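Understanding the architecture of this molecule
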Amino acid sequence: MRLVLIGPPGSGKGTQAERLAVRYGVPHLSSGAMLRAAAERDGPLGRMARGYLEQGALVPDDLVMGIVMQELNAADREAGYILDGFPRTLNQAQSLTRELEATSRHLDAVLLLDVPEERIVARLGQRRTCSQCGAVYHLTYNPPRQQDKCDVCGAVGTLIQRCDDKAETIRRRMRVYADQTGPVVNYYRSRGQLFSVNGDDGIEETFERVVQTLEQNIRDKG
Ligand code: AMP
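An account of the accompanying structure is given in this report.

Here is what the cut-offs are and how they apply
Residues numbered from 1 in each chain as written. Predicted model: local features only at pLDDT ≥ 70, side-chain atom pairs only at ≥ 80, totals over all residues. Heavy atoms only, no water. Helix = DSSP H or I, 4+ residues; strand = E, 2+ residues; numbered from the N terminus. Rg over C-alpha atoms; globule rule 2.2 N^0.38 Å. Buried < 20%, exposed > 50% of the residue type's maximum accessible area, 1.4 Å probe, protein only. Axes fitted to C-alpha atoms, helices over the stretch in contact; angles between N-to-C directions. Parallel < 35°, antiparallel > 145°, perpendicular 65-115°, else oblique. Left-handed = near helix turned anticlockwise from the far one by under 90°. Contact = heavy atoms within 4.5 Å. Nonpolar A, V, L, I, M, F, W, Y, C, P; charged D, E, K, R; others polar. Pairing = 2+ DSSP bridges.

Now for the overall build of the protein. The helix and strand tally for the protein stands at 8 helices and 8 strands. A globule of 222 residues ought to have a C-alpha radius of gyration of about 17 Å, and the protein, at 17 Å, matches this closely. If you line up the protein on its principal axes, its C-alpha atoms span 45 × 40 × 35 Å. Among the 222 residues that make up the protein, the fraction classed as buried is 45%.

Structure, rendered in structure tokens:
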């Protein structure tokens, strides 16, 4: 299973990718998580990544390609992957196609999670992420069982607001999404690989829809 999930920031693609990874027994590869991990490390690469992340700007393609392709190729030796947050520019999408075609591989599908903008701003402002294990919560729709304690790893006081989930950065990320990732959506649509799913409902409903769309598409293909 090789799947790409595309959606605006806050569309829930990380949450859906996590569930799909469990369902299909493949790793969830998040380029954002990889870059945040790189930004935590000392040194010039970490500092550079941190600067882009804090501004809500995209990290330059060559830096991203280097980090992502390494993990992608490692996962591909196994059962495939769910890619979350990559590709995000037309250049990244074309590079991914070239890499896959060079070894006669292909994506099974590209899923677009469709969520209206006003919903996104509300969602992201209330998002909290565990700085210890990366688990994601929403203060209203998906709160931790105990306030300020991570359900997944049990750490206390680690539920933080991501530096790029602040209101001004959210608006910047939305603009970046429209400008840079819009062409990626058109690219996959024109290749007949894109499937759009309404992501404006709860986590469970959206997951059912995603799985249905995916299985229908894979059945039809093959
Ligand atoms: P995400 O966790 O997917 O929302 O990504 C968080 C941030 O990481 C983005 O706002 C970008 O700064 C950076 N990022 C993640 N994936 C990419 C990518 N494929 N290309 C460039 N920057 C990325």
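Having seen the structure, we can now continue with the description.
This next bit is on the packing of helix α2 (residues 31-40) against helix α3 (residues 44-55). Axis angle and axis distance: for two packed helices, these are the angle between their axes and the distance between the axes, and together they describe the pair. Look at α2 against α3: their axes get within 7 Å of each other, and the N-to-C directions meet at 125°. Comparing the axis directions of α2 and α3 gives the class oblique. Note on packing geometry: the crossing formed by α2 with α3 is left-handed. Contacts from Leu-35, Arg-36, Ala-38, Ala-39 and Glu-40 of α2 reach α3 at Gly-46, Ala-49, Arg-50 and Leu-53. Its residues placed into classes, the contact of α2 with α3 shows 5 nonpolar, 1 polar and 3 charged.

For Arg-162, the position within the fold is in the loop between β7 (159-160) and α7 (167-190). Once you skip the residues sitting within four places of it in the chain, Arg-162 turns out to touch Arg-36, Arg-127, Thr-129 and Arg-173.

Read across the open sheet, the 5 strands follow the order β2-β3-β1-β4-β8; overall the sheet is parallel. This sheet does not close on itself; its edge strands, each paired only once, are β2 (28-30) and β8 (194-198). Across the sheet, the axes of successive neighbouring strands diverge by a mean angle of 25°, strand direction being ignored. As paired strands, strand β4 (residues 109-114) and β8 are joined by 5 bridges and run parallel to one another. Pairing of Leu-112 across the sheet is with Ser-196, part of β8.

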